[in-house]
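Fold and contact review
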Amino acid sequence: MSFVKLTASALAIAAISATAAAARDQIRIVGSSTVFPFSTAVAEQFGRTTDFKTPVVESTGSGGGMKLFCAGVGTEHPDLTNASRRMKSKEFKLCAENGVTEITEVKIGYDGIVVANAKSGQDFSVTRAQLWTALAAAGPLPTTWDEVDPSLPAIDIEVLGPPPSSGTRDAFEELVMQKACKSLEKGDKKYCKGDGSHIREDGVYVEAGENDNLIVSKLEANPNALGVFGFSFLDQNADAIKGSYVDGVEPTFENIASGDYPVSRSMYFYIKQAHVGVVPGIQEFAVEFMSDGATGEEGYTVDKGLIPLPTDAHKAVQAAVEGLTKMTGNEWN
């Protein structure tokens, strides 16, 4: 009788596993619009060179991807999420509350956040303090760039950028708005309420969604507008748009890689370990993503604008992917 019960239980577990695996045999990836082109390139290569199906990659924004990723375990939820900033501690807690307790963090490289406009537009060289003055909700609310500083063009301020769900927006607020707020002269501190990161909502800053390619096309249509997005989109559209100098530094591959460009950040993807072995190919995809041929110094994602990790750091991440190193919750200490 015990043998029969044990066999029945084993069959039931096998049936559940088989049903889960049959529910989806294609990796689903959500998250950052900045990481999207790199993830898509790896997905296409993975589909061409392995027996696994090409993963589906969706551009939902870093914050939107985290919400979807952390919503639970099961094939109705995504397997990986891309992020143009590190997972926040509150997101890690949300994951845990919903049963997503085993996560592998994978840093893929670096990116710069650029302020760019059409080739036919005026050249811009701005400081982070000037960007804060132009865009801060608590600031003086100028309407033209020459009101920010007489050295800037006498044209209306119009900046197209990502919404609050975007990791690019998070990083821009931290690396530009908050940093500039802290650097304001004492007399100007009256404008700097809170951390100074809140961006004005009177139409000067236009939330252009998670599609950075759409921002690029709008810049071509309006040479007086500026756009905020990841360096890779500037790199891929250098025939149509140009980057502004920020704090005197040009947004180039070399300047971002060296750390000289002041508005740069790390990029990641996160693996839901509970789906490994259920949805086919998850770890294999991650291994391809972090292979020398993909994200190494001569990798094919570098051709798309990725700033690669130093060799030693890249090898350490490769080992973490091979071993599916689990996040502990101490990453923010």
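Everything that follows concerns the structure shown earlier in this document.
I will try to describe carefully the structure that is included in this document. Since the model is a prediction, treat every value here as computed from it, not as a measurement.

Conventions we followed
Residues numbered from 1 in each chain as written. Predicted model: local features only at pLDDT ≥ 70, side-chain atom pairs only at ≥ 80, totals over all residues. Heavy atoms only, no water. Helix = DSSP H or I, 4+ residues; strand = E, 2+ residues; numbered from the N terminus. Rg over C-alpha atoms; globule rule 2.2 N^0.38 Å. Buried < 20%, exposed > 50% of the residue type's maximum accessible area, 1.4 Å probe, protein only. Contact = heavy atoms within 4.5 Å. Areas by Shrake-Rupley, 256 points an atom, 1.4 Å probe, with all protein chains shown as cover. Lys, Arg positive; Asp, Glu negative; His and termini not counted. Charge placed at Lys NZ, Arg CZ, Asp CG, Glu CD. Salt bridge = Lys/Arg side-chain N within 4 Å of Asp/Glu carboxyl O. Pairing = 2+ DSSP bridges. Polar contact = N/O pair within 3.5 Å; in protein donor to acceptor, adjacent residues only side chain to side chain. Axes fitted to C-alpha atoms, helices over the stretch in contact; angles between N-to-C directions. Parallel < 35°, antiparallel > 145°, perpendicular 65-115°, else oblique. Nonpolar A, V, L, I, M, F, W, Y, C, P; charged D, E, K, R; others polar.

1. Re the overall build of the protein
For the protein, the helix and strand inventory stands at 13 helices and twelve strands. For 333 residues, the compact-globule estimate of 2.2 N^0.38 gives 20 Å, and the C-alpha radius of gyration of the protein, at 22 Å, lies within 12% of that figure. Each principal axis of the C-alpha atoms in the protein carries an extent, and together these give about 90 × 40 × 35 Å. For the protein, buried positions account for 51% of its 333 residues. The contacts in the protein between residues at least 6 apart in sequence include a share of 74% that link residues at least 24 apart. A total of about 14800 Å² of accessible surface is found on the protein, and carbon and sulfur atoms cover 52% of it. Across the protein, the mean location of the 29 positive side-chain charges is 7 Å away from that of the 44 negative side-chain charges.

2. Focus on the pattern of salt bridges
Counting across every chain of the model gives 13 salt bridges. Notably, a salt bridge pairs D25 with K53, separated by 3.2 Å at the nearest N-O pair. Taken together, the residues D25 in the loop between helix 1 (2-23) and strand 1 (28-31) and K53 in the loop between helix 2 (36-49) and strand 2 (56-57) connect sequence positions 28 residues apart. Judged by relative accessible area, K53 falls into the partly exposed class, the value being 44%. Among the charged side chains, a network of salt bridges with common partners joins R85, K88, E91 and D170.

3. Considerations on the pairing of strand 4 (residues 103-118)
The element strand 4 is extensively covered by neighbouring structure, given that 14 of its 16 residues are classed as buried. As paired elements, strand 4 and strand 12 (residues 307-308) share two bridges and run antiparallel to each other. When the bridges of strand 12 are listed, Y110 appears paired with I307. Where strand 4 meets strand 8 (residues 226-230), four bridges bridge the pair, whose relative direction is antiparallel.

4. Quick look at unusual backbone geometry
Trans peptide bonds make up the majority, and among non-glycine residues the majority have a negative phi. Although it is not a glycine, L141 adopts a positive phi angle of roughly 60°. Position of L141 among the secondary structure elements: in the loop between helix 5 (128-135) and helix 6 (145-148).

5. Examining the environment of E297
Turning to its location among the elements, E297 is positioned in the loop between helix 12 (292-295) and strand 12. A relative accessible area of 52% means that E297 is categorised as exposed. Remark: the alpha-carbon pair of E297 and I307, spanning ten residues in sequence, is separated by 8.3 Å. Once residues within four sequence positions are removed from consideration, E297 is found in contact with V302, P308 and T311. Among the polar contacts made by the side chain of E297, one reaches the side chain of T311 at a distance of 3.3 Å.

6. Some details on the packing of helix 5 against helix 7 (residues 167-183)
Packing of helix 5 against helix 7 leaves a shortest axis separation of 8 Å and a crossing angle of 95°. When the axes of helix 5 and helix 7 are compared, the pair comes out roughly perpendicular. The residues of helix 7 that touch helix 5, namely those facing R128, A129, L131, W132 and L135, are F172, L175, V176, M177, K179, A180 and C181. Within the contact of helix 5 with helix 7, the residues separate by chemical class into ten nonpolar, no polar and two charged.

7. Here's the deal with the pairing of strand 3 (residues 80-83)
Burial along strand 3 is two-sided: L80 and N82 facing one way and T81 and A83 facing the other are all buried. Relative to strand 3, strand 1 runs parallel, the two sharing three bridges. Across the sheet, V30 pairs through a bridge with T81, a residue of strand 3. Of the pairings in the sheet, the one linking strand 3 to strand 11 (residues 264-272) comprises four bridges and is antiparallel in character. Pairing of A83 across the sheet is with Y268, part of strand 11.

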